[in-house]
Amino acid sequence: HLLLFLLFVGPFNCFASYSRATELFYSLNEGLPAGVLIGSLARDLRLSTAGGQRPAAPQPPLSFTLASRGLGGQYVQLDNRSGELHTSAVEIDREALCMESSGATVFGGAAAVSSSSPSSESCLLLLDVLVLPQEYFRLVKVKIAIRDVNDNAPHFPVPHIRLSVPENAPVNTRLAIEHPALDPDVGTNSVQTYRLQDNYGVFTLDVEENESGERTPYLIVMGSLDRETREEYVTVIVAEDGGTPPLVGSATLTIGISDINDNCPQFSDSQLNVTLYGNSSLGTHVATVHAVDMDLGSNAQITYSYSQKVPQPSRDLFQLDESTGTITLSSKVDGDTPRLHRLIILGNGPGCIPAVITVLVTIIKVMMRPPEVVPRFIANEAEGVVYLKELEPINTPIAFFTIKDPDEKYKVNCYLDGDGPFRLSPYKPYNNEYLLETTKPLDYETQQLYEISVVAWNSEGFNVNRIIKVQVLDDNDNSPVFSQQLIELSIEENNVPNAFLTKLHATDADSGERGQVSYFLGPDAPSYFSLDKATGVLTVSTQLDREEKEKYRYTVKAVDSGFPPRESIATVTITVLDKNDNSPRFINKDFSFFVPENFPGFGEIGVISVTDADAGQNGWVALSVLNGSDIFVIDTGKGVLRAKVSLDREQQSSYVLWIEAVDGGDPALSSTAKITILLLDINDNPPLVLFPQSNMSYLLVLPSTLPGSPITEVYAVDKDTGMNAVIAYSIIGRRGPRPESFRIDPKTGNITLEESLMQNDYGLYRLLVKVSDHGYPEPLHSTVMVNLFVNDTVSNESYIESLLRKEPDISIEEKQPQISIEPTHKKMESASCMPTLVALSIISLGSIALVTGMGIYICLRKGKKHHRADENVEVQIPLNGRINLHMLEKKPMEISNI
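Calculation criteria
- Residues numbered from 1 in each chain as written.
- Predicted model: local features only at pLDDT ≥ 70, side-chain atom pairs only at ≥ 80, totals over all residues.
- Heavy atoms only, no water.
- pLDDT = per-residue confidence, 0-100.
- Contact = heavy atoms within 4.5 Å.
- Phe/Tyr/Trp six-rings, centres within 6.5 Å; stacked < 30°, edge-to-face > 60°.
- Helix = DSSP H or I, 4+ residues; strand = E, 2+ residues; numbered from the N terminus.
- Buried < 20%, exposed > 50% of the residue type's maximum accessible area, 1.4 Å probe, protein only.
- Lys NZ or Arg CZ within 6 Å of the ring centre and 35° of its normal.
- Core = buried A, V, L, I, M, F, W, Y, C linked by side-chain atoms within 4.5 Å.
- Disulfide = S-S within 2.5 Å.

Draft legend 1. Region of the structure containing the confidence of the model for the chain. Per-residue pLDDT for the chain averages 81, and the proportion of residues at 70 or more is 83%. With pLDDT under 50 throughout, residues 862-898 is counted as low confidence; its partners more than four residues away or in other chains account for 41 contacts.

Draft legend 2. Looking closely at the packing of aromatic side chains. In total, this model carries 17 aromatic pairs according to the counting rule given. Ring plane angle 75 degrees and centroid distance 4.8 Å describe the contact between F400 and Y427, whose orientation is recorded as edge-to-face. Of this pair, F400 sits in strand β29 (residues 397-404) while Y427 sits in the loop between β31 (422-426) and β32 (433-438); the two residues are 27 residues apart in sequence, bridging distant segments of the chain. Residue classification places Y427 among the partly exposed positions, given a relative accessible area of 34%. Measuring from centroid to centroid gives 6.3 Å for Y427 and Y430, while their planes differ by 10 degrees, and the two rings are stacked. According to the relative accessible area criterion, Y430 is exposed, its value standing at 54%. Connected via pairs of aromatic rings, a cluster forms that spans Y528, F529, Y552 and Y554. The residue whose ring lies beneath R174 is Y218, and the NZ or CZ to ring-centre distance is 5.2 Å.

Draft legend 3. Quick look at the nonpolar core. Counting residues in hydrophobic clusters, the biggest one holds 28 residues, and the most contacted among them are L41, F64, L85, V142 and I144. Looking at this core, the elements that each hand over two or more residues are β1 (22-29), α3 (41-44), β3 (63-66), β4 (76-78), α4 (94-98), β8 (124-132) and β9 (138-147). Among the nonpolar cores identified, the runner-up in size contains 25 residues, and Y306, V310, I345 and I357 belong to it.

Draft legend 4. Region of interest: the state of the cysteines. Enumeration according to the criterion identifies two disulfides in this entry. One disulfide in the model links C98 with C123; its S-S distance is 1.6 Å. Across the S-S bond of C98 and C123 the torsion is about 60 degrees, and the bridge reads as right-handed. One end of the pair, C98, is in helix α4; the other, C123, is in the loop between β7 (111-114) and β8, with 25 residues separating them in the sequence. Each member of the pair, C98 together with C123, is buried. Shown here is the disulfide that connects C264 with C352, its sulfur atoms set 2.3 Å apart. Residues C264 and C352 share a disulfide whose torsion about the S-S bond is about -85 degrees; that sign makes it left-handed. Of this pair, C264 sits in the loop between β16 (248-258) and β17 (266-267) while C352 is found in the loop between β24 (340-348) and β25 (355-364), placing the two residues 88 residues apart along the sequence.

Here you go:
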């Protein structure tokens, strides 16, 4: 703000420049890393000094500045000099940036986030950039459109969706699913389609889009439904977006079939025949009718009534319970009572035509009174039904029966009629007393109801039936049973969250709550597996990674609702199937190999180690050389790198290769590594003498040359490196009047005069110079002949050349030149110093005497040769310690013509 204030209080031309506002529009994907170029303001604004012409005077450089760093400024990085706009380290998330501010513009100083465009997909990042100095000042409004990428998978707001469909729903009935999937992405990256994992052949899905673009899934009934056949369908609804590749989300969809009154009561028989003795007492059970309705609840309620065709006397004689269908004797049978009664009974259901059954009751006239059966129940009894718990012990007493003859004239016997684990036996020591008891434990799951009769008859053949119903009460004596004890499953890795695995199923033979099964994960199950307690649907809430863990094994429990509850355990094994989600991985990103030059062709340079965490074909890796394939090859299986030809360091000292590793997946994944091959020098090049260039060249040395003066040099180079290129010079052969007069510097190759030349020293000197390197294991060398002609002048060149053409008779001196490569600091022992000091003293005295004699000799000859000073020309050969290696064009004729 201070900068804007200073601009407004400046000269008037600042105000004129401020009016030049410019708009730039860029677009980029969300989620890009830092440093991605968005655009160049200087280039896109075509900013240049003086309209592209060279200015008359130097102009200040352009400067680009964000007016202020607001909400949008944190996502970009502006180069103040070049005007290049890059992404910053703060990653742009389009959904976080624009979802909350959709339809409005939120300003943060001079930077804002906007999605005010009519399109629901627009998301703009607004920046205000100032261009300085004042000569080029303008305000640039930069709009950056953030493009959506498919980085969010659809997800349902609830994991379980329940939908109810009436069983009489016609085909093509459409039912909206109230909890559609959500996807923060927009456009084609949002939810596009829905599908059912299992449609059971009777359901399908359709998607409707409203005016605002929201998509709602509809369940469509494609076939007939029957609750009595199947009352519930459990499947998985999958939502898929339109990205590439598409992302999916899922939820459990339970479709319940609601009951309608589409079934009516039905009797199993159309007629029931019953015999009743005329002396039966009031309340005697005559018969029970029972109708069945397959519907549920109120739709299955049945009431019983007499048809209007039943005469009133029969209605008065026999009472019908409208709820249970039980017929009992309600009036005394006398001599006027008809002997046959046709009872037409109706089974009535809501909205149904009644079911009809006919009960024919035949009354047998009795001249004498039948035997009497008097029960006294020990077990619980109600309305003629005895209730016993299953698993009661053997010989459990049920009731005492007293059998007697009312007339006390006839003998009465008694026996038990009917099937079941029961026994009726006399109870001694009493007469006419009988005990009814069990003979083995009862099992509710085998049979729930027994109907037995205690029959008493006298010697005249009259008998009485006393029907006893035994209802077995269920106990929680059965544990739930899984359909499979070992449940083997498989799923591909990188699955969608909350992916469906299987639906567990266990049954319990007990009834009621004791037979209701709930499902639980065992303590060894990982936390990201979920098991629906009621439905047994097993899901995994997170993505599985085969490389992290390939097999899961844990237990699940099925627990009933009895008291105490009983349970059973099954084992679940899950195999995670591999997907090609791992690129090959080199153990190093950069490999370096040191190889001696002249390495034989197809020799092993090194091994490139690479791994792939995937399995099978996805983990198979093939290696190839991306560059330099004409020289290098790599073994695909073993990763051995080889060179096809022998390598010469002097031609190329190093090679940089890029190796690509490609796995066998579809699509294949790859990675690259950098390989650096450094060639180690070996001593395969002898020194090359560059000067002198010929053994036939020679140099004139004047006799007046002073001792210690440089005469010429031998210069050589070596293509090797290191110690292999360190050169030493030595004279291994001499010929001449006094050849020891010349010496050579072993390091520089400079040849100097050691002693003064006398009258008898004139003539041709031939020095055989050995140029040797310090290579290992065997040093290499070259030789060159240095010819020196000592004389005042060259008067007969042909004579000298004839001498040079003759083969010199030179004896070879086997002396190895010694060169100190680096100064050493070894201490010498005091015992070895004394001989050295004595030798140095003698040499010094000899040198002084020699210099004195040479001075006298030169002075005497100087006067005699003064008149020839103009005829003699002394040519000085420059002896540079360093010669350019590229100056190889020295001509020997220039020396021989001296």
